[in-house]
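Per-entry structural report
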2 protein chains.
Amino acid sequence: MFDRYSPFVRPYLSTRSLEPENQETPIQFIRNEIVNTRLFFRRNHFSYPTLTFSNFWIPVKGSVATPLMLLMQDLYNFKSKTIKVVLECSGNKRSLFEPKVFGEQWEKGAISQGIWRGVPLSTLLKLAGISENAKEVVVEGYDYGKRTDLKGVYSYTRSLPIEKALHPDTIIAYEYNHKPISFKHGYPFRLIVPQWYGMASVKWIKQITVIDNSFEGPFQSIDYVYYPNKDDNKGAYPVTKINVDSTIQKPLHMEVLDTGKHLIQGIAWTGGGYIKEIEISTDNGKTWTNVLVENEEKTPYEWTSWSYEWSVQNKGEYTIIVRVTDSHNRTQPKIPFWNRKGYGYNATDKIKVKVE
Amino acid sequence: MFDRYSPFVRPYLSTRSLEPENQETPIQFIRNEIVNTRLFFRRNHFSYPTLTFSNFWIPVKGSVATPLMLLMQDLYNFKSKTIKVVLECSGNKRSLFEPKVFGEQWEKGAISQGIWRGVPLSTLLKLAGISENAKEVVVEGYDYGKRTDLKGVYSYTRSLPIEKALHPDTIIAYEYNHKPISFKHGYPFRLIVPQWYGMASVKWIKQITVIDNSFEGPFQSIDYVYYPNKDDNKGAYPVTKINVDSTIQKPLHMEVLDTGKHLIQGIAWTGGGYIKEIEISTDNGKTWTNVLVENEEKTPYEWTSWSYEWSVQNKGEYTIIVRVTDSHNRTQPKIPFWNRKGYGYNATDKIKVKVE
């Protein structure tokens, strides 16, 4: 993990809140394709749930021919799938919106990537036999608590459209980086929904219910909805796929450099297709250079690491911008799409440096 | 340390850079008067020095009657002094300046407080017998390296005016919170200069030299100087004493709260005198309320913790501002004093919350 550094100096999660725990990956200092569990961002709506393992099983029920009651060992015995996936919280970079929006003030580190192993959700759904009218699959987590905007207690529950639930890469994961998932990241079982923002990847799965209608829980109908307007809900639509985006990891914003050669490094990712083009500007967008995109070794759901050797001889201030485009021709916008709850920020990434 | 939280959920240092290591105290989550070494901010100009202890001594030399060569045990044998001190980096809150300034983008956590024990520098200076013409005391650290703005290699070296060096509370510390200082914070000996910004508290002391003139090293003549103008050095003057300042710890900026009672909590501190008045506004500065200042139990160099019970019945957005004044009648300004290198930020602290 820390090849570049002595083990003596290492980065930490950046604390956003403790009740519930929300901590950010120090993304600028991740030089590896695989984020260590210790540095994987933690995002919670509630305090951690209490799980009892003496009698643990996961029901698969609702609009199915044969409801299932699955023991942990049952899930481990199904044929597994292993996928490298970038998980990004839809609130990643929320603190960059102008005007500012309320909620966790994530900087650029509500994103991580690693190797998940689990059983495809489709395996269970096919075994149970979903009914013809099935429309969505509801996944409930063990975490629950109060909300500021509603009375009562709610569990963290989300649904997926049936097609996404049946996608062979939508898995019920039990390993991260070849070890059991850490408790804070959803042990023993969490959903992993590639290409969707992290809110879909429900942790601590309690039960799975197939329904014939549309699920309306608050984490689906109130939160994780794009509201384009400050004062009304006109034009609202749900948060689903990850937007095309990039982050400059090095140099750091407002860093002072000397003249000479400097490596500009970063990552780029998308929730659809692959990263096709990476452009960099070191003159605040006046001129752009294409950065070599290396995708040969890449699996479909991981980020693309990129680097660019910048040779700078003239002292002064420089604004560096990166803009990436995916194979669906989605490009990072210059101005982010402002929305009241602050989801999906993906404007071109921009830093300033001084060369002296 | 973490009374409020399960040991299971804890804050971490926030990483600003790794080469050299600069990490920030999660100040919003510190509920204790004493910051644990683990969470004490780390501020370095260079990579960590290599120290050899087989033949370790500290020279006290220069304009003195009798130069000294002090072994570690000699320093431990002098009469010690124990003081609770707030240490604040002069770049604390630099990221809040507008327009932005270059350098480490510290948020509000380049500050910590704890109990330092050591021998007064004056004990050594008196033993060595400083000459009549002595003007400054130069303290060199073992840390050294390159700078972006000069050729060659420089050690981290700073001087103190003779009066400040002779102040009985300027100590050569060897314990923090009743244990040997951690290596990253200056083991085996570091200077502690109460009431001055942290740059004066040289870590890993290598030697002490009394001089008859003014020391001109780059960490004194280039860095740690207030430059009021962007493009010239007119009106420049050195960074010394800590400005009067405060930080709101709770609630968090952009937090969403429900109606009812909420504790607003924070700290206030000054480099001269004591905190005399703490005013809070929950209506963006229209009206102000005095917060009870409890100083009875306080020693002279520690921060003042404060809290205010806010009862809020009306839903909406609120801007909370805190403004403190010290016994020398220094008050936090509304607009910070902008300076090119971004030192001494101390504008009134301000957060926004939404009540729903």
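Please read these numbers as outputs of a predicted model, since none were measured by experiment.

Focus on the interface of chain B and chain A
Opposite the 42 residues of chain B that make contact, chain A presents 42 residues. The largest per-residue losses of area from chain B upon contact with chain A belong to Leu18, Phe102 and Met254 of chain B, which jointly make up 22% of the total buried on that side. Our enumeration of links across chain B and chain A arrives at 2 salt bridges. One salt bridge in this structure joins Glu317 of chain A and Lys230 of chain B, with 2.7 Å as the shortest N-O distance. Contributions of two or more residues to the side of chain B that touches chain A are made by strand S1 (14-18), strand S2 (21-24), strand S17 (255-257) and strand S23 (349-355) of chain B. Here the side of chain B that touches chain A gets 5 residues from one element, more than from any other, and that element is S1 of chain B. Each residue belonging to the side of chain B that touches chain A can be placed in one class, and the counts come to 17 nonpolar, 8 polar and 17 charged.

Comments concerning the pairing of strand S18 (residues 260-269) of chain B
All names here are of chain B. The buried fraction of S18 amounts to 8 of the 10 residues, a majority that puts the element mostly inside the structure. Pairing analysis gives 5 bridges linking strand S16 (residues 245-250) to S18, with the strands arranged antiparallel. Among the inter-strand pairings, Ser246 is bridged to a residue of S18, identified as Ala268. The pairing of S18 with strand S21 (residues 304-312) spans 9 bridges and is classified as antiparallel. Note that in S21 the partner of His262 across the bridge is Trp310.

With respect to the sheet that holds strand S22 (residues 316-326) of chain B
Residues and elements named next belong to chain B. The strand order across the open sheet built from 5 strands is S17-S23-S22-S19-S20, with neighbouring strands paired in mixed fashion. Of all the strands in the sheet, the pair left with one neighbour each is S17 and strand S20 (289-291). Taken pair by pair, the neighbouring strands of this sheet meet at an average axis angle of 35°, ignoring direction. Here 3 bridges tie strand S19 (residues 275-281) to S20, and the two strands are oriented antiparallel to one another. When the sheet's bridge partners are listed, Ile278 is paired in S20 with Val291.

Some remarks on the side chain of Arg43 of chain B
Residues and elements named next belong to chain B. Mapped onto the elements, Arg43 comes out in strand S3 (residues 42-43). Glu104 provides the closest opposite charge to the buried, salt-bridge-free Arg43, at an N-O distance of 4.9 Å. Looking at Arg43, its side chain comes within polar contact range of the side chain of Asn22, at 3.2 Å. Leave out the neighbours within four places in its chain, and Arg43 touches Glu21, Asn22, Cys89, Glu104, Trp106, Lys203 and Tyr224.

A short note on the sheet that holds strand S5 (residues 68-71) of chain B
Residues and elements named next belong to chain B. Pairing in this open sheet of 5 strands is mixed, and the strands run S5-S4-S13-S8-S9 from one edge to the other. Strands with a single pairing partner mark the edges of an open sheet, and in this sheet they are S5 and strand S9 (153-161). Going from strand to strand, the sheet's axes swing by 20° on average, the running direction of each strand aside. By the bridge criterion, 6 bridges tie strand S8 (residues 136-146) to strand S13 (residues 205-211) in an arrangement that is antiparallel. Directly across from Val138, in S13, lies its bridge partner Thr209. Sheet strands touched by helix H2 (residues 121-128): strand S4 (57-62), S5, S8 and S13. Its angle to S5, the strand with the most contacts, is close to 140°.

Remarks on the UniProt feature "domain: Oxidoreductase molybdopterin-binding" (unreviewed entry) in chain A
UniProt tags residues 45-217 of chain A as "domain: Oxidoreductase molybdopterin-binding" (unreviewed entry). As a span, residues 45-217 of chain A carries 11% helix and 38% strand, and end to end its C-alpha atoms are 14 Å apart.

Quick look at the domain arrangement of chain A
Many descriptions give the size of an interface as the accessible area lost when the pieces come together. Residue and element names in this part refer to chain A. Structurally, chain A comprises domain 1 (14-238) and domain 2 (245-355). For domain 1 and domain 2, the distance between their C-alpha centroids amounts to 28 Å. If you look at the interface, domain 1 gives 44 residues, while domain 2 gives 31 residues. Summed over both sides, the interface of domain 1 with domain 2 buries roughly 3400 Å², with 55% coming from carbon and sulfur. Viewed at the interface, domain 2 and domain 1 are joined by 4 salt bridges. Between Asp245 and Lys93 there is a salt bridge, with the nearest N and O atoms lying 3.4 Å from each other. Scanning the region where domain 1 abuts domain 2 turns up 23 residue pairs in polar contact (both at pLDDT 80 or more).

Reading the values: the criteria
Residues numbered from 1 in each chain as written. Chains lettered and ligands numbered in written order. Predicted model: local features only at pLDDT ≥ 70, side-chain atom pairs only at ≥ 80, totals over all residues. Heavy atoms only, no water. Contact = heavy atoms within 4.5 Å. Buried area = accessible area lost by both parts, 1.4 Å probe. Salt bridge = Lys/Arg side-chain N within 4 Å of Asp/Glu carboxyl O. Helix = DSSP H or I, 4+ residues; strand = E, 2+ residues; numbered from the N terminus. Nonpolar A, V, L, I, M, F, W, Y, C, P; charged D, E, K, R; others polar. Buried < 20%, exposed > 50% of the residue type's maximum accessible area, 1.4 Å probe, protein only. Pairing = 2+ DSSP bridges. Axes fitted to C-alpha atoms, helices over the stretch in contact; angles between N-to-C directions. Lys, Arg positive; Asp, Glu negative; His and termini not counted. Polar contact = N/O pair within 3.5 Å; in protein donor to acceptor, adjacent residues only side chain to side chain. UniProt positions renumbered as here; feature names shortened; annotations may be inferred. Domains from an automatic or database assignment.

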